[in-house]
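So you can see what is in the structure, the chains are spelled out below.
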Amino acid sequence: MSSTEADCLFCKIVLGDIPSTPVYETGLTYAFRDINAQAEIHVLVVPRQHYEDAAVLASEDPALLAEVMLAGVEVAKQEGIDESGYRMVFNTGPDAGRTVFHAHLHVLGGEQLGLFGRPYRTG
Ligand code: 5GP
Ligand code: ZN
């Protein structure tokens, strides 16, 4: 697999071809603020290398997936929300509303977060 995809938004952000607000980075990951924040703090963590989604990343490079998660933990510490709490989310597939086809971890916090999804209705 090539490390970047020419028409991928987050590959362009990783390369600096599209501007972003950096929050944290490692040799293999990059974290930046979500352009349309859904919480007081909303940061995206991506592997620099292109993987279509978290499922592909998990099967092809689980160590890199772990590094993405650890970067999310560091983001939470750096943003000062490690004690107050935070949510880490990978959206995968249409029902989850996934819109960008480069694996990314959402780190959300800084306020009381809403319900996760909606209450399950049985009847
Ligand atoms: P998804 O819905 O695929 O899980 O999440 C994609 C996220 O990327 C969304 O929260 C959206 O606001 C964010 N996003 C989309 N385009 C851009 C962009 O150009 N810059 C930044 N920083 N975030 C973006
Ligand atoms: Zn990409």
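Structural notes, computed from the coordinates. (Residues numbered from 1 in each chain as written. Chains lettered and ligands numbered in written order. Predicted model: local features only at pLDDT ≥ 70, side-chain atom pairs only at ≥ 80, totals over all residues. Heavy atoms only, no water.)

### Points about the sheet that holds strand E1 (residues 22-25)
Note the threshold: Two strands are said to pair when DSSP picks up at least two bridges between them. In DSSP terms, a helix is any run of H or I states spanning at least four residues, a strand is any run of E spanning at least two, and both are numbered starting from the N terminus. Interaxial angle, 0 to 180 degrees, is taken between N-to-C directions of lines fitted to C-alpha atoms, where a helix line uses only the stretch in contact.
With respect to topology, five strands assemble into an open sheet ordered E1-E2-E3-E5-E4, the strand pairing being antiparallel. Looking at which strands have only one partner, the edges of the open sheet turn out to be E1 and strand E4 (86-89). Between one strand and the next, the sheet's axes are offset by a mean angle of 20°, whatever the strand orientation. Here E4 pairs with strand E5 (residues 105-109) via four bridges, running antiparallel. Residue pairing in the sheet places methionine 88 in a bridge with valine 107 of E5.

### So, the nonpolar core
Quick reminder of the rule: As used here, the term nonpolar core means buried Ala, Val, Leu, Ile, Met, Phe, Trp, Tyr and Cys residues forming a set that is joined through side-chain atoms within 4.5 Å. Here the term buried applies to any residue with accessible area under 20% of the maximum for its type, exposed to any over 50%, and partly exposed to those in between, with areas from a 1.4 Å probe on protein chains only. Residue contacts follow a heavy-atom distance rule, with two residues in contact if any of their heavy atoms lie within 4.5 Å.
Ranked by size, the top nonpolar core spans 17 residues in total, and within it Ala31, Val43, Val45, Leu57, Val75 and Val107 carry the most contacts. Among the secondary structure elements, those contributing two or more residues to this core are strand E3 (41-47), helix H3 (62-78) and E5. Ranked by the residues each element gives to this core, the list is headed by H3, at six residues. Apart from residues no more than four positions distant in its own chain, leucine 57 is found in contact with Pro47, Tyr51, Pro62, Leu64, Leu65, Val68 and Ala103. Cys8, Val14, Tyr30 and Val100 belong to the second largest nonpolar core, which has ten residues in total.

### What to know about the pattern of salt bridges
Two side chains that carry opposite charge are able to pair once their charged atoms sit near each other. Here is the rule we go by: When a carboxyl oxygen of Asp or Glu lies within 4 Å of a side-chain nitrogen of Lys or Arg, that pair is called a salt bridge.
Summed over the entire model, instances satisfying the criterion amount to four salt bridges. Between arginine 48 and glutamate 25 there is a salt bridge, with the nearest N and O atoms lying 2.7 Å from each other. Remark: glutamate 25 occurs in strand E1 and arginine 48 occurs in the loop between E3 and helix H2 (54-60); sequence separation between them is 23 residues. The class for arginine 48 is partly exposed, based on a relative accessible area of 22%. The salt bridge involving glutamate 79 is made with arginine 33; its shortest N-O contact spans 3.0 Å. Placement of the pair is glutamate 79 in the loop between H3 and E4 and arginine 33 in strand E2 (residues 29-33), with a sequence separation of 46 residues. By relative accessible area, arginine 33 is classed as partly exposed at 35%.

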